Amino acid sequence: MAETEPGGTMLDDDDRRLMHAVNAYLQDMHRVVQSDTAGDRTPLGDELSAHLGVDAATLPVTSESVSAHRYVDADIALDELMSRSGGRLIGVTGGEQRLHVSASDLIAGAYSQFAPGPVSYESRDVSADAQRRVVSFGVRLLAFAGQPLAIVQRAANPRSAPPQPQLELIGSDADATAAALVEIRRLMIERSVLRGQVLSFAPTEYGHGAGATFLARPDVAADDIVLGEGVLSRIVDHVVGIGDHREALRAAGQHLKRGVLLYGPPGTGKTLTVRHLLSLTPDTTAVVLTGSSIRFITAAAEIARTFAPALVVLEDIDLVAADRGHSPQPVLFDVLDALDGLEPDADIAFVMTTNHVQILEEALAARPGRVDLGVEIPLPDEADRRRLFRRYAHGLTLSEQALDAAADRAAGTTGSFAKELLRGTVLRAALRGDAEADDADLAATLDELLDSGAALTRVLLGSRQELTLSATPGADGAPPFTATAFSPGGPDDPVLVPTEGGVPWEDLADSPVDTTPPTHELVIPMPVWHTVYARLGNTGSVERVGGDPLVAARAVRIQHAGGVAAERHPGPRATGGWPRDDDHLAVPLAEGDEEFLLEIVAKSRQVSRRLLADGDLDAQTRREQEECLEADAQALRFLAEQLPR
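Residues numbered from 1 in each chain as written. Predicted model: local features only at pLDDT ≥ 70, side-chain atom pairs only at ≥ 80, totals over all residues. Heavy atoms only, no water.

> Is there a simple way to explain the overall build of the chain in this structure?
Counting secondary structure elements, the chain contains 20 helices and 22 strands. For the chain, the proportion of its 645 residues judged to be buried stands at 45%. Working note: accessible area of the chain is about 31100 Å², and carbon and sulfur atoms make up 52% of it. (Helix = DSSP H or I, 4+ residues; strand = E, 2+ residues; numbered from the N terminus. Buried < 20%, exposed > 50% of the residue type's maximum accessible area, 1.4 Å probe, protein only. Areas by Shrake-Rupley, 256 points an atom, 1.4 Å probe, with all protein chains shown as cover.)

Here it is, written out as structure tokens:
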């Protein structure tokens, strides 16, 4: 007989009996599962309970996260604890599922029967040329302070939660468990493989935190470095000398923490100087961060504090110095904050290098006292170039007269240029089939490197790009320019203003005109170009203010190149003929123009900051200078990203 259920559903007696049977089955299943899981331990839980002398499922778990670069230290510390009490190490079966569960679930799991099994291991670096086998997943059964203790040890794994290395301590005596954790931390410092090493940091393979990379300590003698008189000794005295006399300085109440900035063009010896400092400090823990890895400065500072005496090297810090958004220089300020966070008597030296010190000036000025020594590593002068050429020619059959002549011809170049020149000289002879190079090989190789077609190579090797000037109009018919100037800021701060006009060319015969041919295009956002164009205008004239006419000529050339690019721009234009502010302008530039523009904008920022420091500045002028400062910051960020590295 069929009955109508609420809602109009027709059910016969067989349907109703089936539904009641299914419901009873589900209720029985729920009772069985609850019964099976209530207080039931896994085989691993039984093993831990036997060791601990109490039901392990009833005990709390104390978790300790470990940084990826400190995991080897944790493994060493745990080995030490086990050796003291004669403990043992067991693994865990259960495949990938064991990675997803906590220690509590390993002991009493509802659906998995985790059991003792083989220990999982992996290899980790402990120096630049050695490795150690560490436990990647296992359980240590030991005793501490007379109390049994179990420690689940697991390395980082992208499929585990949390993904970073972790220790989980299980014991019935809370005081003994806490004391064991304190002892593990102490042993991680005392037995650390990081102490006295040269390290770098990079993202871990799973993208979480910083992983340590061990570097071989360099061996660079003072004779390998060619700098100006007294420059190297000044740096060594500050970085190394303070550490050598730490006790005397501490006794006199003097601080040991110090920051050093080495700045100058690429290829002049900044990195070589850093390598020399590392050579002089064999027992010092050193962390070397370059470029984007500087974001791991917090981890580096922690290593420096823990394992002082220490040396933290931040190379090419200008890569992260430009601010992002409205917060000025966040990563650079992290560096400066790291210096602030150290105790004054901490024997830690921060050594920073930059090819573009102008990017750092504002941040360093805003946070004084963090860097207490700035040393310029300039282009070598004539005597230093001769020393460099002879140094890199050591062992070659080249005459001193030929080397000196080559050094004199290579004015404005760096040690990197000299090194490449001598390598090219040897290669030229080898390609000809001769075992030894001669003076003719040196001269021919130098001719190639100084050739106009090798301009990019010279820039990459750190030589200073020179303007090609002539007294004839540009090939594209660039109009001539006259120059007038005024100096509202006084003779120390000239403001230069160009005047474009139809003056006959012959009247400008004595004025330098830059006709350097462009080599590439730089696509510049229009807000940045407006700023750059205005700053170039303030550099376009040098009459009566003691400026450099070559700089003015270069500024005028770039301004004109932008004007020509705007005329050819295919898109819509704003009032005044420029592309709209949400557009870009492809400006033809010559090699080295990006660095030239950066220097111009940086100088503009200096002028604005000096004006804003005037307490009597009227409100309108102050507002205008603040707007200039913000516009220059935007342009500076863009230009810094275009510089060759």
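> It is not clear to me how helix 3 (residues 71–85) should be interpreted in this structure. Could you clarify?
For the α-helix, the turn length of 3.6 residues means that residues three or four positions removed from each other point alike. With 15 residues, helix 3 extends 22 Å from end C-alpha to end C-alpha; this agrees with the ideal 21 Å at 1.5 Å per step. Within helix 3, eleven of the 15 residues are buried, leaving the element largely enclosed by the surrounding structure. Buried within helix 3 are the following residues: Tyr 71, Val 72, Asp 73, Ala 74, Asp 75, Ile 76, Ala 77, Leu 78, Glu 80, Leu 81 and Met 82. Where the residues of helix 3 are buried, they touch strand 4 (88–92), strand 6 (120–127), strand 7 (130–144), strand 8 (147–154), strand 9 (166–170) and helix 5 (174–190). Backbone geometry just downstream of helix 3 places Gly 86 in the positive-phi region, at approximately 70 degrees. (Expected span 1.5 Å × (residues − 1). Contact = heavy atoms within 4.5 Å.)

> Before we go on, may I ask you to explain the nonpolar core in this structure?
It is characteristic of soluble globular proteins that their nonpolar side chains tend to be buried jointly. Judged by nonpolar contacts, the single largest core of 32 residues is most densely connected at Phe 201 and Leu 314. Of all the elements in the fold, those that place two or more residues in this core are helix 3, strand 10 (198–203), strand 13 (285–290), helix 9 (297–306), strand 14 (310–315) and strand 15 (348–354). (Core = buried A, V, L, I, M, F, W, Y, C linked by side-chain atoms within 4.5 Å.)

> I'm lost on the environment of Ala 150 in this one. Help?
Here Ala 150 lies in strand 8. Judged by relative accessible area, Ala 150 falls into the buried class, the value being 0%. When the C-alpha atoms of Ala 150 and Leu 52 are compared, they prove to be 7.6 Å apart, with 98 residues separating the residues in sequence.

> Honestly, the pairing of strand 22 (residues 584–589) in this entry has me stumped. Any pointers?
Put simply, side chains in a regular strand alternate between the two faces of the sheet. The two faces of strand 22 differ: Leu 585, Val 587 and Leu 589 on one face are buried, but His 584, Ala 586 and Pro 588 on the other face are not. As paired elements, strand 21 (residues 520–525) and strand 22 share six bridges and run antiparallel to each other. Bridged to Leu 522 within strand 22 is Val 587. (Pairing = 2+ DSSP bridges.)

> How should I be thinking about a nonpolar patch on the surface in this particular structure?
A contiguous nonpolar surface patch, about 510 Å² in accessible area, is contributed by Leu 18, Val 22, Tyr 25, Leu 26 and Met 29. Tracing the backbone through its elements, the reader meets Val 22 in helix 1 (residues 13–37). (Patch = residues over 30% accessible without salt bridge, like charges linked within 9 Å, V, L, I, M, F, W, Y side chains within 5 Å. Salt bridge = Lys/Arg side-chain N within 4 Å of Asp/Glu carboxyl O.)

> Teacher, can you tell me more about the side chain of Gln 166 here?
One can find Gln 166 in strand 9. According to the relative accessible area criterion, Gln 166 is buried, its value standing at 10%. Contact partners of Gln 166, with chain neighbours within four places excluded, come to Ser 63, Glu 64, Ser 65, Val 152, Gln 153 and Arg 154.

> Explanation requested: the packing of helix 17 (residues 526–537) against helix 18 (residues 549–568) in the structure shown.
Two quantities define a packed helix pair, namely the angle between the helix axes and the distance between the axes. The geometry of helix 17 relative to helix 18 is characterised by a closest axis approach of 9 Å and an angle of 145 degrees between their N-to-C directions. Of the two elements, helix 17 crosses helix 18, and the hand of that crossing is left-handed. Across from Trp 529, Tyr 533, Leu 536 and Gly 537 in helix 17, the residues of helix 18 making contact are Ala 555, Ile 558, Gln 559 and Gly 562. Of the residues belonging to the contact of helix 17 with helix 18, the class tally is five nonpolar, three polar and no charged. (Axes fitted to C-alpha atoms, helices over the stretch in contact; angles between N-to-C directions. Left-handed = near helix turned anticlockwise from the far one by under 90°. Nonpolar A, V, L, I, M, F, W, Y, C, P; charged D, E, K, R; others polar.)

> Help me understand the pairing of strand 13 in this model?
Counting buried positions along strand 13 gives five out of six residues, so the element sits mostly inside the fold. When strand 13 meets strand 14, the two strands line up parallel, connected through six bridges. Among the inter-strand pairings, Thr 285 is bridged to a residue of strand 14, identified as Ala 310.

> Looking at this structure, I do not really get the packing of aromatic side chains. What am I missing?
Pairs of aromatic rings are described using the distance from one ring centre to the other and the angle between the two planes. Applying the stated criterion to the full structure yields three aromatic pairs. A centroid spacing of 6.0 Å and a plane angle of 65 degrees characterise the contact between Trp 529 and Trp 578, whose relative ring orientation is edge-to-face. Residue Trp 529 is found in helix 17, and its partner Trp 578 is found in the loop between helix 18 and strand 22; the two are separated by 49 residues along the sequence. Using a relative accessible area of 0% as the deciding quantity, one classes Trp 529 as buried. An aromatic cluster is built from Trp 529, Tyr 533 and Trp 578, whose rings are joined through pairwise contacts. A cation sits over an aromatic face here: Arg 98 above Phe 137, 4.8 Å from the ring centre. (Phe/Tyr/Trp six-rings, centres within 6.5 Å; stacked < 30°, edge-to-face > 60°. Lys NZ or Arg CZ within 6 Å of the ring centre and 35° of its normal.)

> I keep staring at unusual backbone geometry and nothing clicks. Help me out?
Where the residue is not glycine, phi is negative for most of them; where a peptide bond is considered, it is trans in most cases. A cis amide bond links Ala 308 to the next residue, Pro 309, at an omega of 5 degrees. For Pro 309, the location among the structural elements is in the loop between helix 9 and strand 14. Of note in this structure, Ala 145 is not a glycine but carries a positive phi near 55 degrees. Relative to the elements of secondary structure, Ala 145 occurs in the loop between strand 7 and strand 8.

> For this particular structure, what's the right way to read the pattern of salt bridges?
When the charged atoms of two side chains lie near each other, side chains of opposite charge can form a pair. Under the criterion given, the structure shown has 35 salt bridges. In this structure, the salt-bridge partner of Asp 79 is Arg 132, at a minimum N-O distance of 2.6 Å. With Asp 79 in helix 3 and Arg 132 in strand 7, the pair connects residues that are 53 residues apart, well separated along the chain. Asp 79 gets classed as partly exposed once you look at its relative accessible area, which sits at 35%. Judged by its relative accessible area of 23%, Arg 132 falls in the partly exposed class. With a closest N to O distance of 2.5 Å, Arg 428 and Glu 448 form a salt bridge. With a gap of 20 residues between them, Arg 428 in helix 14 (residues 415–432) and Glu 448 in helix 15 (residues 439–450) connect regions that are remote in the sequence. Taking relative accessible area as the criterion, Arg 428 reaches 26% and is therefore assigned partly exposed. The exposure class of Glu 448 is partly exposed, given its relative accessible area of 49%.

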